[in-house]
Amino acid sequence: AVVSTQSTVEKLEKQGKEVYDSLNVTEYPLMIPPAPCLSEYIDKYNEEDELSEGNFKSQQQQQNYEAEVVVYRSLERLNEEIIVLHGLKYSHGQYTLFVGQHPSKKKIGELCELKIHDVEEECDFVVLGCETVQKTCKYNYAVVIEVKNVCGDDLTWSEKANDSKFLEALGKTFKGSVDQRSRTVQLVNGICKDYTVFQFTAYPNLGRRYKECFKIAQSEKSSIIFKEDLEDFADWWKERVIAALPENIDSVHSTNEKVKHILLALWCTKKNRCDKLKCSLERTIQDIDNKIKSGEFTFKSKNRDPNPGVALKTPEIFTKFVGNNNLTKQQLDVFNSDQKLLYINGPAGSGKTVIMCGKIIQLARLDDQKKILVFTFGPADHSDVYQNALKEAGVKCEIFHTDSKISHKKMRAKGVFNAIEKCKESNQVVIIKMHHKRGDVSGFEKLTQVVNNNKDSNIFIDDAQSMVITPSLRRKSSEFLGTLASISKNNYVWVTFDMAQRPNNPFTIDYEPGRILFKPSLAGSANVQVTLNKNLRNTCDLAEIISIIRQLYIEILQIKKSGVSAVMPIQELGHFIHGPRTRIHYFKNWGVDQLKRVLSNELKNLKGLVLLWNQNNSQNPAIGVVFRERERSLKSGILKMIKETVQAEYLVNTNKVSICNYKDVASAEWPAVIVFFEISRGDKKELLNLTELYQMISRARVQCCVIMYIAGDSVLRTLQREEYKYVQRVMSKLLEKLERIAKVMPHD
């Protein structure tokens, strides 16, 4: 038995070393996993929702998870050489391996009788640290943290301090955390007997005023982390952890390696199988991306009522053919609309394409003789989304591209329109991928002509904001809207667009930052316009960054919120799915070589994602590199550098990276995005191009890195001294706001 135990320990240690080596650690803190563990309680309730008892408990469980996220982000901001294990679950068999036979948690005086694979305990956080002492010696330690969500504010403090029920509940949460902490401490000491272990309980939503509400010994009170401690966590850590380390020690580097490797192996192991990719950045991005794309933004249970904001039952069309497991009530209401003429506005990720796809399948199955034309715009190939869903539903369809460079059906624009009638003979749905160029009068006229020639068909136009309209096309665009209104008398005409991506399109008649950003010029009455505003595409961390940029934009232009809502629409959180921390590099003085080094490092971090996409035979790029092409950018060699760097890092896998100009980014989206943001003038009267930053970041579903750099001298000379100082002040304010949720890295 001793030999068997020893071999098992050695196996775990070996597996943990393989896990650590596979991570290629270059910077600390090392967060395991790279994003807060996925919560199954991800429902977002509206403030006005009346919650049943089951829903209230669900909301509490969500708040418990959010409290853990606060601690996760606080640890992530520490400038310490630490490894943070979030959500360490260990089985009865694993615990017994190091601790031996132990008492039952539930039956006093009896031994634990859990089965070997049953979960013994889950620890919210185990932090493994390494501190240099006496210049040459490295001292290794562990910190065990349990998180409890008890809410209280200063206004209710005096009441709660005298509330016996609150005090009793508070005492129970602390006692429960002590029991949880103790088991994990015993596990660590079972791996290494003399290992230094600190243990704490964090209350992220309780201020220090509540300290006296804990009816425990003073020594136990010192193990509590309050809200103020987390707000200034670096100082707290130095005082309560680093300063508490013994002064006279011997090197224990080997024992640290053993503890580190075994705990990593335990974190990655489930039923004797160690999956070293489980804690990798690429697997984390993939898991979060799959959850977001499948629409799993609600937790269903018999013990609670459905979320009032989520559809009670998602139609089979979406779950079976489109691949979305849930719809918001807002989305379902639009899908069920019998309005023939409908303009759907909404930010990226609000579900416009999903609804259009479901509606097309519904109409095709109701009347298999009725023809349907679908026009798609922009670089995102939604035509494939439609084709795959229609194929699953058994609806015959064909795709045409108006650009002969695209390989689906190599036909020029003129040939496409002549071939549509022939295609309609054998297919119910014709999907036309439009490659509309700015000021392309002939292309726009052909689009109008094709619509006019198919007045007996249902018409769907997706991402119509990509139809950029110049002054010369303004009158023709009005005529086009009139044509759509006329067709809708007997047929469905649905159009989706997103004003945030391109304000100057057929659906606006003016765009002037600081004055009036959007004036509807849609044919028909107001009831043909609907807006979707739930953000279901980005992680809630990215959604928060987008909201910060939006709010700052409003402040610097001193305009009403209603005025900016069309170009930077309010995006309500549709879920609580968190992602990896956004990384922001900021250059005041820069050269192309400096930008190249940063880009190269960021691409190295994401190389595993590209390989994983290849293994899964995904046809879509895993990474988007988005930049703003200006004449000066070309002269500076930035675009050339981006292409060369991607080629050098990924070689044969460059097809998994999409290099996209800002003006062509409408409707595009990727799991991970690297943004090149040149700090300079925006369009019209904007002294700072925050709308560009807003739109480029919104292209990332899960992970985002932003490389910011001040525009070159030739651009700065166009700004007055006061204007330049103003731009610097705004950027400083923006970075200060973003530091709370992103990793901001200034470069000299």
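Please refer to the structure higher up on the page.
Once a new chain begins, its residue numbering starts again from 1 and follows that chain's sequence as written. Only residues with pLDDT of at least 70 get local features here, since the model is predicted, and only at 80 or more are side-chain atom pairs given and counted; chain-wide, interface and lining totals rely on the full set of residues. Side-chain measures here rest on the full set of heavy atoms in the structure, leaving out hydrogens and waters.

Segments assigned H or I by DSSP are reported as helices when at least four residues long, segments assigned E as strands when at least two residues long, and all are numbered from the N terminus. A tally of regular secondary structure across the protein gives 26 helices and 23 strands. Think of it in three bands: with a 1.4 Å probe and only protein chains considered, a residue is buried below 20% of the maximum accessible area for its type, exposed above 50%, and partly exposed in between. A burial count over the protein gives 55% of its 748 residues as buried. A separation threshold of at least 6 residues defines the contact pool for the protein, and within that pool the share at least 24 residues apart is 78%. Each accessible area is a Shrake-Rupley estimate made with a 1.4 Å probe; only the visible protein chains count as cover when residues are assessed. Carbon and sulfur atoms form 47% of the exposed surface of the protein, whose accessible area is close to 34100 Å². Note on contacts: a residue pair is in contact if any heavy atoms of the two residues lie within 4.5 Å.

Pairing between side chains becomes possible if they bear opposite charge and their charged atoms approach one another. We define a salt bridge as a contact between a side-chain nitrogen of Lys or Arg and a carboxyl oxygen of Asp or Glu at a distance within 4 Å. Following the criterion strictly, the structure yields 21 salt bridges and no others. Close ionic contact of Arg 701 with Asp 289 constitutes a salt bridge, the shortest N to O distance being 2.4 Å. Here the residue Arg 701 occupies a position in strand 22 (residues 700-710), and Asp 289 occupies one in helix 10 (residues 281-293), the gap between them amounting to 412 residues. The exposure class assigned to Asp 289 is buried, which follows from its relative accessible area of 0%. With a closest N to O distance of 2.8 Å, Arg 740 and Glu 544 form a salt bridge. With a gap of 196 residues between them, Arg 740 in the loop between helix 26 (721-738) and strand 23 (742-747) and Glu 544 in helix 18 (residues 540-557) connect regions that are remote in the sequence. For Glu 544, a relative accessible area of 30% corresponds to the partly exposed category. The network of salt bridges with shared partners includes Glu 27, Arg 583, Glu 602 and Lys 743.

Before going further, it helps to examine the packing of helix 3 (residues 92-99) against helix 5 (residues 164-191). Contact pair helix 3 / helix 5: the axes reach a minimum separation of 8 Å and the direction vectors enclose 55 degrees. With respect to helix 5, the axis of helix 3 lies oblique. As for how helix 3 packs across helix 5, the hand of that crossing is left-handed. Taken together, the residues of helix 5 that come into contact with helix 3 (itself represented by Gln 94, Tyr 95, Phe 98 and Val 99) are Arg 183, Gln 186, Leu 187, Gly 190 and Ile 191. Under this grouping Gly is polar, as are all residues other than the nonpolar Ala, Val, Leu, Ile, Met, Phe, Trp, Tyr, Cys and Pro and the charged Asp, Glu, Lys and Arg. When the residues that make up the contact of helix 3 with helix 5 are grouped by side-chain class, the tally is 5 nonpolar, 3 polar and 1 charged. What counts as an axis is a line fitted to C-alpha atoms, over the stretch in contact for a helix, and the angles between N-to-C directions run from 0 to 180 degrees. Orientation categories follow fixed angle ranges, with anything under 35 degrees roughly parallel, anything over 145 roughly antiparallel, 65 to 115 roughly perpendicular, and all other angles oblique. What makes a crossing left-handed is the near helix being turned counterclockwise from the far one by less than a right angle; a clockwise turn instead makes it right-handed.

What follows is about the packing of aromatic side chains. Stacked, tilted and edge-to-face are the three classes applied to pairs of Phe, Tyr and Trp rings, where Trp contributes its six-membered ring and a pair requires centres within 6.5 Å; stacked means planes under 30 degrees apart, edge-to-face means over 60, and tilted covers the rest. Taken as a whole and judged by the stated rule, the model has 14 aromatic pairs. Ring plane angle 70 degrees and centroid distance 5.0 Å describe the contact between Phe 200 and Trp 236, whose orientation is recorded as edge-to-face. On the criterion of sequence distance, the pair formed by Phe 200 in strand 5 (residues 196-202) and Trp 236 in helix 8 (residues 233-240) is long-range, its members being 36 residues apart. For Phe 200, a relative accessible area of 4% translates into the label buried. Considering the side-chain rings of Tyr 203 and Phe 214, the 5.2 Å spacing of their centres and the 65 degrees angle between planes classify their relative orientation as edge-to-face. Linking Tyr 203 in the loop between strand 5 and helix 6 (218-221) with Phe 214 in the loop between strand 5 and helix 6, this pair joins segments that are 11 residues apart in sequence. Residue Tyr 203 is classed as buried on the basis of its relative accessible area of 0%. Note on Phe 214: relative accessible area 2%, which makes it buried.

Here Arg 537 shows up in the loop between strand 16 (534-535) and helix 18. Two N or O atoms count as a polar contact when they lie within 3.5 Å, although within protein this holds only if one can serve as hydrogen donor and the other as acceptor, and sequence-adjacent residues are included solely when both atoms are side-chain atoms. At 2.8 Å, the side chain of Arg 537 forms a polar contact with the side chain of Glu 669. In this structure Arg 537 touches Ile 292, Ala 348, Gly 349, Ala 668, Glu 669, Ser 698, Arg 699 and Arg 701, once residues within four positions along its chain are discounted.

A few words now on the sheet that holds strand 20 (residues 657-661). Note: two strands are recorded as paired if DSSP finds a minimum of 2 bridges between them. Strand order in this open sheet of 6 strands is 20-19-21-22-18-23, and the pairing throughout is parallel. Bordering the open sheet on either side are strand 20 and strand 23, each of which pairs with just one other strand. The sheet shows a mean angle of 15 degrees between the axes of neighbouring strands, direction not considered. Seen against the sheet, helix 10 touches strand 21 (670-679) and strand 22 and runs at an angle of roughly 115 degrees to strand 22.

Before going further, it helps to examine a positive patch on the surface. A cluster of basic residues, Lys 89, Lys 270, Lys 271 and Lys 278, forms a positive patch at the surface. We classify Lys 270 as exposed; its relative accessible area is 66%. Only residues whose relative accessible area exceeds 30% and that form no salt bridge are eligible for patches; like-charged ones are grouped when within 9 Å, while nonpolar side chains (Val, Leu, Ile, Met, Phe, Trp, Tyr) are grouped when within 5 Å. A residue counts as positive if it is Lys or Arg and as negative if it is Asp or Glu; His and the chain ends are not included. To locate a charge, take atom NZ for lysine, CZ for arginine, CG for aspartate or CD for glutamate.

With that settled, consider the packing of helix 10 against helix 21 (residues 607-615). A pair of packed helices is characterised by two quantities: the angle between their axes and the separation of those axes. Two elements in contact, helix 10 and helix 21, have axes separated by 8 Å at closest approach and are oriented at 60 degrees. If you check the angle between helix 10 and helix 21, you find them oblique. Every residue of helix 21 that contacts helix 10 at Glu 282, Arg 283, Ile 285, Gln 286 and Asp 289 is listed here: Gly 608, Leu 609, Leu 612 and Trp 613. Counted by class, the contact of helix 10 with helix 21 contains 4 nonpolar, 2 polar and 3 charged residues.

In this fold, Pro 33 is placed in the loop between strand 1 (30-32) and helix 2 (53-76). Taking the C-alpha atoms as reference points, Pro 33 and Val 84, separated by 51 residues in sequence, lie 8.4 Å from one another. Leaving out residues up to four positions away in the same chain, Pro 33 has contacts with Tyr 72, His 86, Trp 267 and Thr 284.

Bringing the nonpolar core into the picture now. If you look at the biggest cluster of nonpolar residues, it comprises 38 residues, and the most contacted ones within it are Leu 693, Ile 697, Val 706, Met 708 and Leu 734. Looking at this core, the elements that each hand over two or more residues are helix 18, strand 18 (582-587), strand 21, helix 24 (690-697), strand 22, helix 26 and strand 23. Ranked by residues supplied to this core, first place goes to helix 18 with 7 residues. Dropping the residues within four chain positions of it, Leu 734 is found in contact with Ile 548, Ile 549, Leu 552, Leu 690, Leu 693 and Met 708. Residues Leu 327, Phe 335, Leu 390 and Val 395 belong to the second largest nonpolar core, which totals 34 residues. The criterion is simple. A nonpolar core is a set of buried Ala, Val, Leu, Ile, Met, Phe, Trp, Tyr and Cys residues joined through side-chain atoms within 4.5 Å.

A cis amide bond, omega -5 degrees, links Tyr 28 with the succeeding residue Pro 29. One can find Pro 29 in the loop between helix 1 (2-22) and strand 1. Cis peptide bonds are those with omega within 30 degrees of zero, and the linkage from Ile 32 to Pro 33 qualifies with -5 degrees.

Our focus in this paragraph is a negative patch on the surface. Together, Glu 231, Asp 232, Asp 235 and Glu 239 line one region of the surface with negative charge. Turning to its location among the elements, Asp 232 is positioned in the loop between helix 7 (227-231) and helix 8.

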